[in-house]
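# An overview of the molecular structure
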Amino acid sequence: MDFLLDVTDLHVHFHLREGVLRAVNGVSLQVRPNQTLGVVGESGCGKSITAKAIMGLLPPKATITGGQVLLAPREPGGTPLELSSLKPNGKEMRGILGADIAMIFQEPMTSFSPVHTIGNQIVESIRLHRTATRKEARDIAIETLRLVQVPMAERRVDAYPHELSGGLRQRCMIAMALCCKPRMLVADEPTTALDVTIQAQILTLIRRLQSELQMAVMMITHDLGVIAQVADHVVVMYLGRVVEKADTPTLFAKPLHPYTLGLMASIPRLDQNEGTRLHSIRGSVPDPFFTPEGCPFHPRCDKFIAGTCDCGEPPELVDVAPNHAVACHLFSAGTTDSGSKPTTEECTEHAPA
Ligand code: SF4
């Protein structure tokens with residue numbers, strides 16, 4: 001297995017009173033050892049649900065309805081662990097979380113328990129996965145707080161989350177994730193709640209720790225600026241689907257999918273003339289209960305082809321170059337049964353009455 005994590009055709013459905021909500025629709029992605037995969041898209045595109053499905057942390061009404069999640073074996077020559085087949089709360093999955101894959105969340109204030117000290121929460125995590133006495137676990141906790149550059153770690157270990165600033169809390173959250181030296185870190189919008197200077201410090205810290213600890217990172221963000229700084233490979237998601245996949249230099253040099261182009265154009269530029277309106281992708285991510293027919297992005301797409309993009313199945317992800325795949329009719333051979341692009345007549349057949 002070349003990858004540390006290999007996700008193939010993952011589907012996640014929420015079974016709600018209003019009906020079935022298809023949150024993740026056939027996502028395939030791979031995380032390579034010691035590398036960073038960036039997962040980017042607007043809120044509601046299924047990025048966090050994909051990560052939670054990988055880690056067995058889905059909310060009670062959500063289930064994996066298809067696909068496979070494989071984690072590379074711990075020892076060379078071993079059997080890959082099929083995470084998607086493990087019971088989410090089972091012993092085996094609990095053994096993997098923290099020890100093999102750990103997660104840092106967007107807002108540490110809501111992720112830490114407010115009634116326990118930072119140290120006690122890190123110690124609990126260490127004792128769950130490693131054989132250590134309470135005293136040894138506390139020493140490891142202090143050492144890990146130092147690793148993430150928490151000043152006066154031996155005092156901060158006894159602080160409650162509300163006694164720390166946002167930046168320090170996020171460092172402590174990273175310390176808790178790293179205390180068992182996982183093979184992969186899932187970072188779900190780790191800098192969104194922080195101001196821009198602290199954001200830069202946290203990203204630098206994650207990059208440094210990644211190379212020191214030789215771990216892989218899956219960085220989930222809506223910010224292409226963050227992706228440019230940290231990712232080796234990028235997956236762009238829209239409405240629970242991967243719409244473009246490439247290595248980072250290729251994606252920034254030659255973005256192809258209209259959604260990726262829209263995200264790129266929305267980044268403010270220093271050389272922009274004063275008074276120029278910032279670009280935005282028109283409309284918003286549709287209600288997942290009412291996914292548009294055809295390409296899900298078509299109501300917002302500037303390159304929409306009437307009679308092609310608004311009917312049939314969504315375009316498949318196709319390779320357009322080595323390490324570069326796009327799901328868009330502009331770059332695909334078509335998605336109908338006949339293998340050609342849908343015709344206007346077929347669109348009419350599919351159109352709602
Ligand atoms: Fe736009 Fe059509 Fe491509 Fe969808 S398939 S992104 S609507 S051009």
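What counts as what
Residues numbered from 1 in each chain as written. Predicted model: local features only at pLDDT ≥ 70, side-chain atom pairs only at ≥ 80, totals over all residues. Heavy atoms only, no water. Helix = DSSP H or I, 4+ residues; strand = E, 2+ residues; numbered from the N terminus. Rg over C-alpha atoms; globule rule 2.2 N^0.38 Å. Buried < 20%, exposed > 50% of the residue type's maximum accessible area, 1.4 Å probe, protein only. Contact = heavy atoms within 4.5 Å. Areas by Shrake-Rupley, 256 points an atom, 1.4 Å probe, with all protein chains shown as cover. Lys, Arg positive; Asp, Glu negative; His and termini not counted. Charge placed at Lys NZ, Arg CZ, Asp CG, Glu CD. Phe/Tyr/Trp six-rings, centres within 6.5 Å; stacked < 30°, edge-to-face > 60°. 1 Å grid on protein atoms, 1.4 Å probe; cavity = no way out; pocket = protein on both sides within 12 Å on 5 of 7 lines; lining within 4 Å. Points joined across faces, edges and corners; volume = space filled by probe spheres on them. Nonpolar A, V, L, I, M, F, W, Y, C, P; charged D, E, K, R; others polar. pLDDT = per-residue confidence, 0-100.

### Side note on the overall build of the chain
For the chain, the count of helices and strands is 12 helices and 12 strands. Over its C-alpha atoms the chain spans a radius of gyration of 22 Å, differing by no more than 12% from the 20 Å that the globule rule assigns to 353 residues. When the backbone C-alpha atoms are referred to their principal axes, the chain occupies close to 75 × 55 × 40 Å. Within the chain, the proportion of its 353 residues that are buried is 49%. Within the chain, counting contacts between residues at least 6 apart in sequence, those at least 24 apart form 63% of the total. When the accessible surface of the chain is split by element, carbon and sulfur atoms take 52% of a total near 17300 Å². For the chain, the centre of its 33 positive side-chain charges and the centre of its 38 negative side-chain charges are spaced 8 Å apart.

### Regarding the packing of aromatic side chains
Under the definition given, this model contains three aromatic pairs. Between the aromatic rings of Y238 and F297, the centroid separation amounts to 5.1 Å while the plane-to-plane angle is 80 degrees, which identifies the pairing as edge-to-face. Within this pair, whereas Y238 is found in strand β9 (residues 233-238), its partner F297 is found in the loop between α11 (258-265) and β11 (318-321), the two being separated by 59 residues in sequence. By relative accessible area, which is 1% here, Y238 ends up buried. The buried category is assigned to F297, whose relative accessible area is 3%. With centroids separated by 5.2 Å and ring planes inclined at 65 degrees, the aromatic side chains of Y259 and F297 adopt a geometry described as edge-to-face. On the criterion of sequence distance, the pair formed by Y259 in helix α11 and F297 in the loop between α11 and β11 is long-range, its members being 38 residues apart. As far as burial versus exposure is concerned, Y259 and F297 are alike and both buried. Among the aromatic residues, ring-to-ring pairing joins Y238, Y259 and F297 into one connected group.

### Looking at empty space enclosed by the protein
Per the stated rule, a full pass over the model turns up two cavities of 30 Å³ or more. Of the volumes computed, that of the largest cavity is approximately 90 Å³. In this structure, the largest cavity is lined by 13 residues; those nearest its centre are P258, C295, C301, C309 and C328. A per-class count over the lining of the largest cavity returns nine nonpolar, three polar and one charged. Of the volumes computed, that of the second largest cavity is approximately 30 Å³. Around the second largest cavity, the lining residues are T36, I206, R207, Q210, V217, M219 and V230. Per-element tally for the lining of the second largest cavity: the top contributor is helix α8 (residues 196-213), with three residues. Taken together, the residues of the lining of the second largest cavity break down into four nonpolar, two polar and one charged.

### Quick look at the layout of surface pockets
In this structure, the largest pocket occupies an estimated 690 Å³ of space. For the largest pocket, the lining is made up of 24 residues, of which L97, S125, L128, H129 and M176 are closest to its centre. For the lining of the largest pocket, the secondary-structure elements that each account for two or more residues are β6 (101-104), α4 (118-129) and α7 (166-178). No other element matches α4, which puts six residues into the lining of the largest pocket. The residue inventory of the lining of the largest pocket, partitioned by class, reads 12 nonpolar, 10 polar and two charged.

### Overview of the confidence of the model for the chain
Summing up the model confidence of the chain, the mean pLDDT is 88 and the portion of residues at 70 or higher is 93%. In the model, residues 334-346 has pLDDT below 50 throughout and makes 28 contacts with residues more than four positions away in sequence or in other chains. This model gives residues 348-353 a pLDDT under 50, and the stretch forms three contacts once residues within four places in sequence are excluded.

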